Structure formats: C-alpha cells, structure tokens
Number of protein chains: 2
Amino acid sequence: MEQKHQLLLDTARRLIRRGAYPHLSKLLSKIHPADIAHLFRYLDLKEQRILFNLIEDPEISAYVLSELDHSTGAQLLEQIDRETITEVLQEMPYDDAVDIIRNMPDELAEEILNIMQDEDSTEIEQLLSYDEDSAGGIMSTEIFSLREDMSVQEAIEALQRAEDVEMVFYLYVTDEYNHLVGVLSLRQLLTVPPQTQLKDIMTRDVIRVTTDTDQEEVAHLVARYNILAIPVVDESNKLMGIVTVDDVIDVMREEATEDIFKMAGASEEELLYGFKSFKIARLRLPWLLVNLFGGVITGYLMWMFKATLEQIVALVSFVPVITGMGGNVGGQSATIVVRGFATGRIDMGTLRRVFFKELRVGFIMGTVCGSTIGLVAWFWHHNPYLGLVVGLAMVTAMTVAASMGVLAPTFFKKIGVDPAIASSPFVQTANDITGILIYFGTATMFLQLLL
Amino acid sequence: MEQKHQLLLDTARRLIRRGAYPHLSKLLSKIHPADIAHLFRYLDLKEQRILFNLIEDPEISAYVLSELDHSTGAQLLEQIDRETITEVLQEMPYDDAVDIIRNMPDELAEEILNIMQDEDSTEIEQLLSYDEDSAGGIMSTEIFSLREDMSVQEAIEALQRAEDVEMVFYLYVTDEYNHLVGVLSLRQLLTVPPQTQLKDIMTRDVIRVTTDTDQEEVAHLVARYNILAIPVVDESNKLMGIVTVDDVIDVMREEATEDIFKMAGASEEELLYGFKSFKIARLRLPWLLVNLFGGVITGYLMWMFKATLEQIVALVSFVPVITGMGGNVGGQSATIVVRGFATGRIDMGTLRRVFFKELRVGFIMGTVCGSTIGLVAWFWHHNPYLGLVVGLAMVTAMTVAASMGVLAPTFFKKIGVDPAIASSPFVQTANDITGILIYFGTATMFLQLLL
C-alpha cells in the first residue's frame, strides 16, 4: 500500500516540476479522491495549490478538501481565492462545509458566508450554532426519510429517485409532523409484499440521540449497539439529521488523540499549527510552567532537609530513583483510570474496587522495587540502615503514588475537568513532592542509625 | 442514558435477590442484548451466572457473550458448564466464537473444540490459525457474494433467500473460481433493469486486503476511504471473508487503548486479569525494573559529581526540576510522534521536518523555563552565577529532551519494536540521565564562579 503512494507522490512531483499540467489533470481524474487528499500531506504549499487547481470536477475538489487534515486544509485555503472556495464548499455536504468553516480564521469565514447564496448559508449558520462536539455539530442534514403511511412500493420508488443521498443504511420513518417514529432496513423492503404499509413493518424502538448529545456519547452508542448510523432529533423528537459510522470513526480517532495529547500535557489544537514553533510552544508552555513551579517546590522541600542531607550525602544518590519511580507508578494508575473513564469501562460505580486494586498493585510492586533498591543502597554505600531507609521510602512512595494515580483523575472528573489532564504530568509532580517528603522524612526519623 | 442503566441494574439486582426468576427472564427478553452485556459489568460472579442462565434464546446469549469485555467474559465462562458454552458458541458468527476461544485458558479451549461438531470446529480452527491482529483474525467468514454472470433479478432473489446474513452493505461479485472481481451496492440493484448482468454494472476496482494484512492497516483503509466493509482475499485473490465497520471500531478502540497503556509502561493484557493484583503487578514490573535500573544510573552519575555537590550544596535544590522538566518535554515530543505514527499523520517522509520542529519548540520552551528558573535560583540563593548555570542547563536539557523524544520512537520503529513503548517512560529515564549530566557538567565547568 505504501509503495503505491510513494510512486504516486513521485509521479505527481515530477509532473509538477515539468509543468505537465494536462498529464497531471488526467492522473488526478483517475485516482481515488482519498488518495489525492493523502498526497497533499507530503507536498509543499506551492505544489498543493497547483494540484488543487488542476482538479477539474468541483465535487472531487470538495471531497479532497473534506478529507484533508485540518492544518493542511487551513493552509491550503489561504492560497485559494474566495470564489473558488465558495464554489467548492457549495459542492460539499453541509456538515463537511461547516467543519471546514469552523477551522477558518473568523474573517474569512464571514466573507465566505456572505458570498454564499442565502439558502446555503442559512443552513450552514444553523449547523454552526450547534456545539462543535455535539451530535448537532457532526450530523449530516441530508437525510432520506419516509412517511409511515407510504407503501413499500412507494418507498422503493422514492429510493430510486433519491440520487443525492449517498449512504443509505437505514430508512427512517416519520409521521406527518416529521417526528421520528420508526426505522426499516433496505433488505426489509425487498422481502415483503409491495402493498405493505411502512408502519406495519417498521421497528418502532429506534436508538436516537438529540442535537446536544456529546459526540463521545454518540460514538459509545454506535459502538455498543453495532449500528451504522444514528438519527439525531430535536427536543420535540423532530428528525434533524443523522450521524453515520464514518463520522463516528473520525470522532473516535479524534477523541483518542485528544486524550493522548492531554495526558502528555499537550493539546491536539497544535495540529492546526503545523510547523509553527512559537504557536506550538505557547500552547504547551502554561502546563510546563505549572510543573516548573511544582519542581521548585520539590527542590525547596529538599532544601528544608538540608541538615539531614549534609550529614548523609549518600542520600542524594537515591533522589532521582525515588521521585522517578513514584512518577512512573502514579502515571500507570492514572492512565488506566483515565482510559477507563473514556471507554466507559470504569465509572463511579466500579471506582472503589479499582482504587483498592491499584493500591494493592502499587504495594506489591513497591515491595519488589523497594527490596531491590534497598539491597543496592546497602551494598553500594555499605550501610544496611541506608538500605532500610531507601527501601521503606520506596514502598511507601510507590503505594501512595498508585493511589494518587486513581484519586487525581477522579477528583478532576468530579469537579467537571477532563481527567486526561490529571494524568501523568500532574500526578508526576504531585508524586515528586510526596516522594521527597516520604524519603527525607524517613531518613530524618532514622537519622541516628544512618550516621 | 446512564439513568436508564442505573434503573435496569437496580431492578435486575432486586429481582435476583428476591429469586423472582420468571420476572427476570421476562425483563431480559425485552431489553437490547447490548444492554444486558452492559449490566454484567456491575454484577458479581454469582449474579452474572444467574442472569446468564435465565436468558432463554441461545442467540441472545451468544450476542451477550460476544459483547462482554474479555475479562468479564472469561470469568463468566468459568462458571458455566461446557455443553452450554458449546451450544452458545455454535450460535455465534465464527469470528466472534474465535475471539472468545482465544481468550479462554488453553485446556478449556481444546475441550470445547472437541465437543463441537466437526464442521464448526474445522472452520474455527482455520480462523484460529490466522494471527489475532491480522485481517484474517478479525474477519467474518459468513459472506454474501454473487456470481458475475447472474442477472440483477437473480441477485435480488438470492438476497431475499439469504436470511442469515445480517449486515449486507456491499454485494461482492466473484468469478466461477470464487475470485473477487467486483462490487455492487444494494441501491444499484434497485435502479437498473432486472435483466442486466452483474458484470456490466459492477465496479471492478475493489479496495481489498489479504488475510495477513495488519488490523491497524485495515482500520486505516476503512477510515480513509469511508467504506463500511472491506473484503479479505487470500494470496490468489479468493474471497475469504469480510471485515465490517463495527469490527473496525473495536479495533480502533483496542489499538488506542493498547497505545495509551504502552505509553505508560502498562499492557492492555492486564484488562484480562480484572482485579487480580499479583498478575497485574507481574505485567507492569519488568518495565518498572528497567526504569529502576535507569534511576540507579542517574543516582550514580550524581554521585560521581559528589565533589561539586559538596562544595555547592544549593545545586541539589534544582535536581528535581531539571530532571522533571526534561522528562515532561521529552514525553510531549514522544507522544506526538508515537500518535503521529499510529494515525499515519507522521511517517519517515515527514519525520525530518517534525524533528526540527520539535527541536525548535524545545529550545523556545527551554528558553522561557530556563530564564524563569535562572531568576528563581539567583534570588533564592543570592548567587547570579548559580542562576546562570541552572538556566543554561535547563535550556540545554529541554532542547536535548525534545529531540530525544523524536529520536527514541523513530529508532524503535526502525528496528521493528512498537514505538509506543519508547514513549514517556523510556524517554523520561533517558532524559533523567542526560539532564543530570548536563546540569552537573555545566556546574563543574563554572565551578570557580559559583564558589
């Protein structure tokens, strides 16, 4: 697969260099739009602009644009004149157009909406009013629905006429007021007599969401019930749109990336900035400065134990391992809890058991690591009591770290903050502090033995 | 949504407590099997057994079992006699049965395969022979395909007879030797004259994978081309199975969880162990011990600079912040690269640019953090040169850490190891070591000024 893309990329570049535009146009008309979108990732801005302008069919331009990742898409749009953008956006399903407009600078978005015809821009502005991460924000409004009093014959005819609707998975059935009342599969239509009324064969128990349902919840439902699409209704059960499984795949990938980035104290927003180092640094810095502050506190606490440290200098050689291991164990527990929350495997009902499990795991691992490091300390500095102090501190620090790894994300979830940000970085700083306190506290307690 | 489940759970528990089994049976027959599976998560083993035995329709039992997460499923199977398990497994699609058999203890799996009828077990053993993470390992073998010389009329009739095939998205077309030669959509059948031959309307360019294609690659293709199913062929292009989008959703969730766990030095395997602390500790320990060793090396290096340290004790107060920040920055870069590899956003072609971007970002953030910590050091210990040393060391350590965060996962990918394990923990230990070397190296160089 990758070879095929390398070949395509090399060919495209060669043709651009040579200025062989008619050839390029022909090549572009032969390959899958998704592959064209993939090519764009490797091209520089100039090459992208040339290639994009050579796509003849505006429908394909629209497809390519909607498949580009957000940063590439935003960069590309800056290169193209407004009329072309508008034309391409009008070719797209409204939800994809809205997605692209959301990622434009505000001014450009306003201009574009002004250029568009009234009809389109009203529809788009309506969609823009939904929260970006809600079912309303990701739904497609081009739905194919049937009235409950239609016959199967009429339904099949309606289906044959409906050319624009690309992916028909389920046939949603509505009453005269456009309220969602049932669902049918395409195959059902084929297996009953043509005069049957839809309301007699439809399934009335339709899994649905409302426009303000969170997109993560939408993804959960689609995954849990193994369905291909989920209808979106407003508060009065009017059918407003549909979220299809391909949107759900994008949501899941996006949410996983978001969580992973947040766990490392970064933000998926930086993907919008491409290679702009200053903007990216500014996104990551606030959180690093918080950790810097935490690090200073850890240092300050060590400094408070200066007297102990000056008497037994050997203590310093275990500072990195004590703080490091606490951070690692806490990070593991936090990761498991954060991911458990995200996938729904852990919730407030099972949390208690998870807490005690992590506590036990932390204690077991602490005992193993504590004995090891205790022996190392004993033989290295020829002092069994130093071994005892280091070992004890390690067991305690690791057990505390594991429980902190459960408590911190839980606390964040309870106060309504995304638990992902409470993962490794936060937990690590917290554990640096408790680790140092435990270590030097233990050492000070056993000071007489150590001397 | 969650309220509904709480209510269901409370009702189920109350009925179990009262022994009101007929009521319970009736309740179970009314709710969606996916919701029954969800209930199991909150029940203890005894309750699970009672509930499972009360499901009357073996098809629903099969559905519930295939929807349980692996650890719950494995626990439940230990409670149920072999004949029931076999009966339920025979109700399932082969690929789901294989999934469950893979997660059984080996002995039990062998017994079950022995009890099964020849036909089923041959098919299942065939599927078991594929790698668990390949297209062959996740594909469903119950495919509905049509011969290219059929007419549309015949195709529709075949479709009406095929009752078992639940989700027909695309109609795959084969030649007389079962080679995959084309694809059709259901809607296409409805919009052409009944006598048309399939080969005249089918699309010949079918996106397909082979049985040994990695499941992650399968997921990429489904996501990239927005398709609902992908056919799986053997090396001679014979149609062997089909991977549907609901399997892909599971794969994506699984792969994301796997990556997230690996990044924290844990393994998603521990989800199989539920609350068994010792087994979980054993899974996480090897990697912790590696880090323990790294921590001892860091300590040893510090110890080598004992002379410097004894002369300027204040140096010790910045050890945690230097190692901590290096670890954080390196972890961020590593996370971005690992996730980039996983989603296909970063590959060897764009890596160079990513490396220099991360280097620049690391340097910018290092300059900000370095100046801050330099000022802190100066005013805290009233020594401008100490400030200079700490600040310089911070800038260097953070820049090196950022580049290490790109290089480590790249190196692991090149040698064929999953880059996810190279993320935060590995990078953090590596950065602890370089951070300490840079810090004490700088301090020793400027020793005259510091005294």
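- Looking at an unreviewed UniProt entry, one finds chain A named Magnesium transporter MgtE, with Geoalkalibacter subterraneus as its source organism.
- Within the UniProt record for chain A, the comment given under Sequence similarities (unreviewed entry) is "Belongs to the SLC41A transporter family."
- Regarding chain A, the UniProt comment filed under Function (unreviewed entry) reads as follows: "Acts as a magnesium transporter."

1. Observations regarding the UniProt feature "domain: CBS" (unreviewed entry) in chain A
Alright, step 1. Mapped onto this numbering, the UniProt entry gives "domain: CBS" (unreviewed entry) at residues 139-201 and 202-258 of chain A.
Alright, step 2. Each end of residues 202-258 of chain A is marked by a C-alpha atom, and these two atoms are 39 Å apart; helix forms 44% of the span and strand 23%.

2. Regarding the sheet that holds strand β2 (residues 170-174) of chain A
All names here are of chain A.
Alright, step 1. The three strands are arranged β1-β2-β3 in an open sheet whose pairing can be described as mixed. One side of each edge strand has no neighbouring strand; the edge strands of this open sheet are β1 (145-147) and β3 (180-185). With direction set aside, neighbouring strand axes in the sheet form an average angle of 35 degrees.
Alright, step 2. Bridge count between β2 and β3: five bridges; the pairing is antiparallel. Looking at the pairing, T174 lines up with L180 of β3.

3. Topic: the pairing of strand β2 (residues 170-174) of chain B
All names here are of chain B.
Alright, step 1. By the criterion of burial, β2 is predominantly enclosed, with four of the five residues buried.
Alright, step 2. As defined by bridge partners, strand β1 (residues 145-147) adjoins β2 across three bridges and the pair is classed as parallel. Paired with R147 across the two strands is T174, which belongs to β2.
Alright, step 3. The antiparallel hairpin formed by β2 and strand β3 (residues 180-185) contains five residues in its connecting segment, where N178 sits at a positive phi of about 70 degrees.

4. What about the pairing of β2 of chain A?
Successive side chains on a regular strand alternate, one facing one side of the sheet and the next facing the other.
Alright, step 1. Among the five residues of β2 of chain A, five are classified as buried, and the element is accordingly described as predominantly covered.
Alright, step 2. Here β2 of chain A shows a buried face lined by Y170, Y172 and T174 of chain A and a second buried face lined by L171 and V173 of chain A.

5. A few points about the nonpolar core
Alright, step 1. Ranked by internal contacts, the top residues of the largest apolar core, which has 151 residues, are L65, L89, M104 and Y172 of chain A together with L65, L89 and M104 of chain B.
Alright, step 2. Residues contacting L89 of chain B, with those up to four places away along its chain left out, are A97, I100, I101, M104, I112 and M116 of chain B.
Alright, step 3. By size, the runner-up hydrophobic cluster in this structure holds 87 residues, among which are L386 of chain A together with I364, A377 and F440 of chain B.

6. Description of the relation of the copies chain B and chain A
Alright, step 1. For the match of chain B to chain A, the screw axis carries a shift of 0.0 Å, the RMSD comes to 0.2 Å, and the turn is 180 degrees. The operation mapping one copy onto its partner corresponds to a two-fold rotation axis.
Alright, step 2. A share of 100% of interface residues in chain B that are also interface residues in chain A marks the association as one of identical surfaces.

7. Considerations on the packing of helix α5 (residues 58-67) of chain B against helix α7 (residues 82-91) of chain B
Residue and element names in this part refer to chain B.
Alright, step 1. Contact pair α5 / α7: the axes reach a minimum separation of 8 Å and the direction vectors enclose 85 degrees. Looking at the two axes, α5 sits roughly perpendicular to α7. Residue-level contacts link P58, E59, S61, A62 and L65 of α5 to E87, V88 and E91 of α7.
Alright, step 2. A class-by-class count of the residues in the contact of α5 with α7 yields four nonpolar, one polar and three charged.

8. Comments concerning the domain arrangement of chain A
Alright, step 1. Under the domain assignment used here, chain A contains domain 1 (2-129), domain 2 (145-257) and domain 3 (268-450).
Alright, step 2. Here the C-alpha centre of domain 3 of chain A lies 49 Å away from the C-alpha centre of domain 2 of chain A.

9. Here we look at the interface of chain B and chain A
Alright, step 1. The interface is formed by 111 residues belonging to chain B together with 111 residues belonging to chain A.
Alright, step 2. The contact between chain B and chain A buries some 10200 Å² in all, and 69% of this surface belongs to carbon and sulfur atoms.
Alright, step 3. In this structure, R284 of chain B engages E358 of chain A in a salt bridge whose closest nitrogen and oxygen atoms are separated by 2.8 Å.
Alright, step 4. Joining chain B to chain A, the criterion identifies 16 residue pairs in polar contact (both at pLDDT 80 or more).
Alright, step 5. When residues in the side of chain B that touches chain A are grouped by element, the largest group, 18 residues, is from helix α17 (residues 277-304) of chain B.
Alright, step 6. Across the side of chain B that touches chain A, the residue classes tally to 62 nonpolar, 27 polar and 22 charged.

10. Here's the deal with helix α15 (residues 215-225) of chain B
The α-helix winds at 3.6 residues per turn, so residues separated by three or four positions along the chain end up facing the same way.
Residue and element names in this part refer to chain B.
Alright, step 1. Counting buried residues in α15 gives nine out of eleven residues, a clear majority hidden from the surface.
Alright, step 2. The complete set of buried residues in α15 reads Q215, V218, A219, H220, L221, V222, A223, R224 and Y225.
Alright, step 3. The residue sitting at the N-terminus of α15 and contributing the capping side-chain oxygen is D214; that oxygen lies 2.9 Å from the backbone nitrogen of E216.
Alright, step 4. Looking one or two residues beyond α15, the residue adopting positive phi is N226, at roughly 50 degrees.

11. Section: helix α15 (residues 215-225) of chain A
Alright, step 1. When you tally the buried positions in α15 of chain A, you get eight out of eleven residues, the bulk of the element.
Alright, step 2. All of the buried residues in α15 of chain A are Q215, V218, A219, L221, V222, A223, R224 and Y225 of chain A.

12. Some details on the UniProt feature "transmembrane region" (unreviewed entry) in chain A
Residues and elements named next belong to chain A.
Alright, step 1. The positions UniProt marks with the feature "transmembrane region" (unreviewed entry) are residues 285-305, 311-338, 359-380, 386-412 and 433-450.
Alright, step 2. Secondary structure content for residues 285-305 is 95% helix and 0% strand, while the C-alpha to C-alpha distance between its ends is 30 Å.
Alright, step 3. Note that residues 386-412 is 100% helix and 0% strand, and that its end C-alpha atoms are spaced 38 Å apart.

13. Here's the deal with the sheet that holds strand β4 (residues 209-210) of chain B
Residue and element names in this part refer to chain B.
Alright, step 1. Pairing is mixed in the open sheet, where three strands are placed in the order β4-β5-β6. What marks the edges here is a single partner per strand, and that holds for β4 and β6 (239-244).
Alright, step 2. On the sheet, α15 packs against β4, β5 (229-233) and β6 and is oriented at approximately 140 degrees with respect to β5.

14. Quick notes on unusual backbone geometry
Residue and element names in this part refer to chain A.
Alright, step 1. A positive phi angle, near 65 degrees, is found at N178, a position not held by glycine.
Alright, step 2. In this structure, N178 sits in the loop between β2 and β3.
Alright, step 3. On the basis of relative accessible area, N178 is assigned to the partly exposed category, the value being 30%.

About the thresholds
- Residues numbered from 1 in each chain as written.
- Chains lettered and ligands numbered in written order.
- Predicted model: local features only at pLDDT ≥ 70, side-chain atom pairs only at ≥ 80, totals over all residues.
- Heavy atoms only, no water.
- UniProt positions renumbered as here; feature names shortened; annotations may be inferred.
- Helix = DSSP H or I, 4+ residues; strand = E, 2+ residues; numbered from the N terminus.
- Pairing = 2+ DSSP bridges.
- Axes fitted to C-alpha atoms, helices over the stretch in contact; angles between N-to-C directions.
- Buried < 20%, exposed > 50% of the residue type's maximum accessible area, 1.4 Å probe, protein only.
- Core = buried A, V, L, I, M, F, W, Y, C linked by side-chain atoms within 4.5 Å.
- Contact = heavy atoms within 4.5 Å.
- Least-squares fit on C-alpha atoms with pLDDT ≥ 70 in both.
- Parallel < 35°, antiparallel > 145°, perpendicular 65-115°, else oblique.
- Nonpolar A, V, L, I, M, F, W, Y, C, P; charged D, E, K, R; others polar.
- Domains from an automatic or database assignment.
- Buried area = accessible area lost by both parts, 1.4 Å probe.
- Salt bridge = Lys/Arg side-chain N within 4 Å of Asp/Glu carboxyl O.
- Polar contact = N/O pair within 3.5 Å; in protein donor to acceptor, adjacent residues only side chain to side chain.

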